[in-house]
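# Residue-level structural notes
Below, each chain spelled out in residue letters.
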Amino acid sequence: MANIVPIRKEQHQNLKLAKARDLSHVSGQHIIPLTAAEFAQASASFPIVFVKNPDSERYRSVAMLGLEAGENLFYQDDKWTAVSMPQSIAMVPFSLGIDPDKENTLTACVDLDSEFVGEEKDLPFFEDDGKESEVLVNVQQALGRLYDNERMTEKFIKELEENDLLQELELNIALSTGEKKKLVGIFTINEEKVKELSDDKVLDFHKRGLFVPIYSMLGSLSQMNRLAQLRNQVSENKVTGVQITPVVDKAANES
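Below: a short report on this structure. Keep in mind that what you see is a predicted model, and the values were worked out from it rather than measured.

### Examining the overall build of the protein chain
Per the secondary structure count, the protein chain includes nine helices and 14 strands. In terms of its C-alpha atoms, the protein chain occupies a principal-axis envelope of roughly 70 × 50 × 30 Å. Looking at the protein chain as a whole, 42% of its 255 residues are labelled buried. Contacts spanning at least 24 positions in sequence make up 69% of the contacts within the protein chain whose residues lie at least 6 apart. As displayed, the protein chain offers around 14,500 Å² of accessible surface, 47% of which is attributable to carbon and sulfur atoms. One finds the centroid of the 28 positive side-chain charges in the protein chain at a distance of 3 Å from the centroid of its 42 negative side-chain charges.

### Some remarks on the packing of aromatic side chains
With the rule as written, the count across this model stands at eight aromatic pairs. Where phenylalanine 46 meets phenylalanine 74, the ring centres are 4.9 Å apart and the plane angle is 75°; that geometry is what we call edge-to-face. Taken together, the residues phenylalanine 46 in the loop between α2 (39-42) and β4 (48-52) and phenylalanine 74 in the loop between β5 (59-64) and β6 (75-76) connect sequence positions 28 residues apart. You can call phenylalanine 74 buried: its relative accessible area is 3%. Arranged with centres 5.8 Å apart and planes meeting at 55°, the rings of phenylalanine 205 and phenylalanine 211 form a pair that is tilted.

### A word on helix α7 (residues 211-220)
Counted residue by residue, α7 has seven buried out of 10 residues, so it is predominantly covered. Those residues of α7 lying buried are Phe211, Pro213, Ile214, Ser216, Met217, Leu218 and Ser220.

### Notes on the sheet that holds strand β9 (residues 106-111)
Within the open sheet, the three strands sit side by side as β1-β9-β8. Their pairing is antiparallel. Looking at which strands have only one partner, the edges of the open sheet turn out to be β1 (4-6) and β8 (94-98). Between one strand axis and the next, the sheet turns through 45° on average, direction left out of account. Pairing between β1 and β9: three bridges, direction antiparallel. Bridge pairing in β9 links isoleucine 4 to aspartate 111.

### Side note on a negative patch on the surface
Residues Asp22, Asp77, Asp78 and Glu115 make up a contiguous surface patch of negative charge. Mapped onto the elements, aspartate 78 comes out in the loop between β6 and β7 (79-80). Overall, aspartate 78 belongs to the exposed group, its relative accessible area being 63%.

### Quick notes on the nonpolar core
Among the nonpolar cores identified, the biggest contains 50 residues, and Phe50, Trp80, Phe156, Ile189 and Ile214 are the most heavily contacted of them. Within the residue set of this core, elements represented by two or more residues are α2, β4, β5, α4 (134-162), β12 (166-175), β13 (180-189), α7 and α8 (224-234). Here this core gets five residues from one element, more than from any other, and that element is β12. Apart from the residues lying within four places of it in its own chain, the contact partners of tryptophan 80 are Leu23, Val26, Phe46, Leu65, Asn72, Phe74, Tyr75, Met85, Pro86 and Ile89. Grouped together as the second largest cluster of nonpolar side chains are 18 residues, Val5, Ala108, Phe125 and Val139 included.

The rules behind the values
- Residues numbered from 1 in each chain as written.
- Predicted model: local features only at pLDDT ≥ 70, side-chain atom pairs only at ≥ 80, totals over all residues.
- Heavy atoms only, no water.
- Helix = DSSP H or I, 4+ residues; strand = E, 2+ residues; numbered from the N terminus.
- Buried < 20%, exposed > 50% of the residue type's maximum accessible area, 1.4 Å probe, protein only.
- Contact = heavy atoms within 4.5 Å.
- Areas by Shrake-Rupley, 256 points an atom, 1.4 Å probe, with all protein chains shown as cover.
- Lys, Arg positive; Asp, Glu negative; His and termini not counted.
- Charge placed at Lys NZ, Arg CZ, Asp CG, Glu CD.
- Phe/Tyr/Trp six-rings, centres within 6.5 Å; stacked < 30°, edge-to-face > 60°.
- Pairing = 2+ DSSP bridges.
- Axes fitted to C-alpha atoms, helices over the stretch in contact; angles between N-to-C directions.
- Patch = residues over 30% accessible without salt bridge, like charges linked within 9 Å, V, L, I, M, F, W, Y side chains within 5 Å.
- Salt bridge = Lys/Arg side-chain N within 4 Å of Asp/Glu carboxyl O.
- Core = buried A, V, L, I, M, F, W, Y, C linked by side-chain atoms within 4.5 Å.

Geometry only, nothing functional implied.
And the structure:
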């Protein structure tokens, strides 16, 4: 269990961060949260899709790291092999949390149970005179950027929903054993509906830079083949085919 607490000079004057941090904590994660600001760079490595939070039905954007649960094809031999690394991974063991001393205020937090922090580690959180170290200042700035990007992503997804631009996908995977697997519950942007946007809406989207994440996401779907290639390098049960098809709304067709 994580032990996440606000970073306080009084309690954490001697706390330090490990200079080298492995990523074994994501070895079994097949999806990783991704912000819209990261789509362009991430699309060169991962398929980017939307999934729904089961508890709220809200969409969130993620990078797919594997073709099934528990499979991370970008963490091999204790190394991260992708060109880019999502911010959500890079920030571990830090996160933003509610400041208990200031209502409705966010503050930098750390997981005290993380193997990356301890008084015997390398990089101090605070200088000898009690000032925040450069490491801690950089962490706080990075957390602030991540928070801003997450809020922007929420607005981006809401914009897509309001303009009816989301589309559910079905991923059909054929294996060398003859077995077939189906992955459902993933969503992307409906490119045809994007093309049908009014001229005013196109200009509005263009001015606000929304087409960059839109087309980065659409282009990233070709990385499904990359996942299949990576899977085939480490598994005897080879992927022989990957097919992505839109889920047809039967009720809409019948009406």
